[in-house]
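Geometric and topological summary
Take a look at the letters that make up each chain.
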Amino acid sequence: MNKTINIKGFMVNQLTYKPIATSSIKFSDLKQIVKFTAREPNDFDPFKTSFKLDDIIAKTNEEYFQRLTNDERVKKIYIYLLDEINNKVTQKKSALGSFPTSIILAVDVTDQFETIDQYEAEIMSLTKDDYIGAFYSLDEKLISLKMLNRKNTLIVDGQHRLAAMIKLYEDAVNSNIKIERQNLSDKYNNLNHQIVKNNLNDFELNCTLLLGFDIWEQGKVFVDVNFNQKPVNKSLYYDIFGSFPDPDKNDIFLSHMLAKHLNTSPKSEIKGFIKMLGRGSGYFSQAFFVEAINDHLKPKGIWADIPMDFINGGKKHEELSRFFRAYFKSIKSVFIDFWPRESYERGDKYDSVLVKTTGMGAMIKLINPLCRQLIKDGKNINEMNEVDLEVEITKILIPIQGNGSEYFSKESKFSGAGSLGLQNKLYEKIGQDIGWFKKK
C-alpha cells in the first residue's frame, strides 16, 4: 500500500554544494525506507578493451559503497538493545541506552513537482515496482520532507545499528527472540515480544540526510566518515576512491583499475592473487597492491607523467597493463620454484614469500630501477610489445635466478610478516645482487 513518510528537520550549512539536513526519525519509519547494500568484488576488467571513461563511469554508478555488515557487530548491538530495553522497563538508573551519533542516510529527491499536492497525487497511483524520489519544501532553515514508503534510502553510515534493530524487531514480530540458547522470558523475565516491539517502534534516531547525492558523492562521504574520521578496511577505501576518475586522485584511479585488470584477466599471471576489498582468497590485499603500484605514478615515479596524460585524454596508461603482465610472466619463469602451483595437495600450502606481501612489495619496488636499466640499454618501454618486454626483463633477472631460495623460501631471513621494513630489505638485497645498488 502506498503511503508517505513525513520527516521534519533542519537544514545544515556545511562545506558541500548539495543540501544536507538533520532530523529525528522514528525507527518505525526508517525500517520502511532504508535499503541495505554492500560493495562486492566484480570481474569488470577496465583494460580488456581500450579505456573509455564513459564505460567506467557507467559501471561505477551501478556499484554501491557500503561494506558488508558484520554478524558479530550486529549480534552485540542486538544484545545491547535488549539489555537497555530491560533496564528501561525495570526502571533501572543505568537505563542509558542510546545511539547519540547520527545515522547518515542518502535520500533520493525529485524536482519534477511544484507542490506537495501534485507529488502526493502522483505517488498514490504508483504501482508496486514504481518509485519517485522524495519531495521537500523549505521554510528558512526548516525542512519538511515527504517520501514514499519504498526501500530506496541508502545508509551511508550506521548500517550495523539499523541491521540489529531490524533483526530484533522481526524476531519480536515472529516471537522468536533468542539470546544464545535462551528464550526471551528465560533471560529477561520482565520482557515479552510486544514490549520489545513497542520500544523499538518508538525509538528515535538522530539522522543526517544527504539530499540528492549521487552514488559517487555518497561513496566519498562514506570514505570520509569511515576512513578520515575512524578506521575502516583500507582496501574498501581504494575500491571506492579508485573507481571513478578524480582530478586530484587519478593515480589512485589508475592503480585501482590496473589491480582489477591483473586480478581478472586470463592473460595475467597473478589472476586471482589479490584479496579484493581485503577479504577472500588471494595472497595479498588490494590496499597493499594499489599503494605499491601507486608509488610509480607519483612525482618521482617511473610513470609520473601518466596521470596527467590520462586526464587530458592521452593513451600512455595503456602501457601499464602491458608492462605488468610481462613483468609478472618474467618473474614467474625465472623463479618458477617459488611461484604458487595451480593446485595444492590436501594439507599442503604455499609457504614461499614471492607472491606474498614481502616478495611482491620488493619486486614492485624494483620496477623503478629495472625500467631505468631498460632505458639505459636503449629500450623504449613505451612502445615495446609484451613479448619483447618479457624477454628483456628476463635477461636482467636471470643472473639472480640461483638466489631464489635466499630471497623467497620459508627458511630465508625475509620470511615472516610482510612489514615495510622487510620489503625494503629484500628490495635492497635483490638490487645489490643485480648491481644496481652498492653493497653495504
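Presented here is a report on the structure given in the accompanying data block. Note that the structure is a prediction, hence the values are computed from the model and not measured.

Thresholds applied
Residues numbered from 1 in each chain as written. Predicted model: local features only at pLDDT ≥ 70, side-chain atom pairs only at ≥ 80, totals over all residues. Heavy atoms only, no water. Helix = DSSP H or I, 4+ residues; strand = E, 2+ residues; numbered from the N terminus. Contact = heavy atoms within 4.5 Å. Salt bridge = Lys/Arg side-chain N within 4 Å of Asp/Glu carboxyl O. Buried < 20%, exposed > 50% of the residue type's maximum accessible area, 1.4 Å probe, protein only. Pairing = 2+ DSSP bridges. Axes fitted to C-alpha atoms, helices over the stretch in contact; angles between N-to-C directions. Nonpolar A, V, L, I, M, F, W, Y, C, P; charged D, E, K, R; others polar. Phe/Tyr/Trp six-rings, centres within 6.5 Å; stacked < 30°, edge-to-face > 60°.

Notes on the side chain of Asn368
As for its placement among the helices and strands, Asn368 is situated in helix H15 (residues 367-376). Once residues within four sequence positions are removed from consideration, Asn368 is found in contact with His296, Lys300, Gly301 and Ile302.

Some words on the pattern of salt bridges
As enumerated under the stated definition, the model contains 15 salt bridges in all. Between Asp433 and Lys429 there is a salt bridge, and its shortest N-O distance comes to 3.3 Å. In this pair, Asp433 and Lys429 both sit in helix H18 (residues 420-434), 4 residues apart, roughly one turn of the helix. Ionic contacts of the salt-bridge type, sharing partners, join the residues Arg325, Lys329 and Glu386 into one network.

Thoughts on the side chain of Ser268
Relative to the helices and strands, Ser268 resides in the loop between helix H10 (250-264) and strand E11 (274-275). The exposure class assigned to Ser268 is buried, which follows from its relative accessible area of 7%. Other than its neighbours up to four places away in sequence, Ser268 contacts Leu262 and Arg325.

Here we look at the pairing of strand E4 (residues 103-107)
Of all 5 residues making up E4, 5 are buried, and the element is well covered by its neighbours. Of the two faces of E4, the one holding Ile103, Leu105 and Val107 and the one holding Ile104 and Ala106 are both buried throughout. As paired elements, E4 and strand E7 (residues 153-157) share 3 bridges and run antiparallel to each other. Note on E7: the bridge partner recorded for Leu105 is Ile155.

Describing the packing of helix H14 (residues 357-365) against H15
Here H14 crosses H15 at 35°, and the two axes come no closer than 5 Å. Of H15, the residues touching H14 (which contributes Met363, Ile364 and Lys365) are Ile367, Asn368 and Pro369. Looking at the contact of H14 with H15 residue by residue, the class counts come to 4 nonpolar, 1 polar and 1 charged.

Re the packing of aromatic side chains
Scanning the entire structure with this criterion turns up 20 aromatic pairs. Here the aromatic rings of Phe27 and Tyr169 are separated by 5.8 Å at their centres, their planes lie at 65°, and the arrangement is edge-to-face. Placement of Phe27 in helix H1 (residues 27-33) and of Tyr169 in helix H5 (residues 159-173) is noted, with a sequence separation of 142 residues between them. The buried category is assigned to Tyr169, whose relative accessible area is 15%. Relative to Trp339, the ring of Phe273 lies with its centre 5.7 Å away and its plane at 40°, an arrangement referred to as tilted. Within this pair, whereas Phe273 is found in the loop between H10 and E11, its partner Trp339 is found in the loop between helix H13 (318-334) and H14, the two being separated by 66 residues in sequence. With a relative accessible area of 10%, Phe273 lands in the buried category.

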